[in-house]
Amino acid sequence: MLHGDNIKDIDWKASARTNSTLVKQYKAEKKHNVLLVLDTGKKMLADTEKAENKKEVALMSAGVVAYIASKNEDYVGTIYNSKNGIQYFPFKQGFANVEKILTCYEKNIEGTEKSDLEKSLDYIIKNINRKMIIFVITDLSVMESISENTLKKLSIAHNMLFINIGDAYITGKKVFDL
């Protein structure tokens, strides 16, 4: 028994058998639902300030989050827009699911003129009724364009985290016209 252990957690029968104090330990068995909301707009084909491809940074960010969630046996799902409309991958466990999500996302960044991240968030509000941790992976300009009403609706029901992938600046060393 350690300092701070609750006396109610002592296993009295096991302690009597072993002649030492044994304390029951409890482990939380809650599985989380982690939803990746990914941007497929034209700006995701640009570069970051460090001349990294934003698409690759988004894939890496999504991959790290999904890997950690899968390693903890949490459920991972994803949503993004493609030329065929909203692509929703339901919550599943396992690394095969993560690989499928990342492969399909990489194929669907076609660089549409405008990011339709707001449509993806509206889809979540209307169609997904479970508590989630939502990771939105995009850039600052798209983040700022999300309506306050949409953010309020989502943040009331879910935990939201934004991953901002920065743009290359005009004053940078490697500047390209997109």
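Further up the page is the structure itself.
Since the model is a prediction, treat every value here as computed from it, not as a measurement.

Asks: Could you give an account of the side chain of Lys54, naming the residues involved and the relevant values?
Replies: With respect to the helices and strands, the residue Lys54 is situated in helix α2 (residues 54-71). Ignoring anything within four residues of it in the chain, the contact list for Lys54 reads Lys43, Met44, Ala46, Asp47, Thr48, Asp139, Ile165, Gly166 and Asp167.

Asks: An account of the sheet that holds strand β5 (residues 159-164) is needed here, citing residue identities and associated values.
Replies: One open sheet accounts for five strands, arranged β3-β2-β1-β4-β5; its pairing is mixed. The two strands at the open ends of the sheet, each matched to only one other strand, are β3 (85-92) and β5. Between one strand axis and the next, the sheet turns by 15° as a mean value, whatever way the strands run. Note that strand β2 (residues 75-82) and β3 share six bridges and pair antiparallel. Note that in β3 the partner of Asn81 across the bridge is Ile86. The strands touched by helix α3 (residues 95-108) are β1 (33-38), β2 and β3; relative to β2, the strand with the most contacts, the crossing angle is about 10°.

What counts and how
Per chain, residues are indexed from 1 in the order of the written sequence. Totals for whole chains, interfaces and linings use every residue, but because this is a predicted model, local features are given only for residues with pLDDT of at least 70 and side-chain atom pairs only at 80 or more, for both listing and counting. For the side-chain quantities, the full set of heavy atoms in the structure was used; hydrogens and water were omitted. Only DSSP runs of H or I with at least four residues qualify as helices, and only runs of E with at least two residues qualify as strands; both kinds are numbered from the N terminus onward. Contact between two residues is taken to exist if any of their heavy atoms lie within 4.5 Å; hydrogens are not considered. For two strands to be treated as a pair, DSSP must find at least two bridges joining them. Axes here mean lines fitted to C-alpha atoms, for a helix over just the part in contact, with angles spanning 0 to 180 degrees between N-to-C directions.

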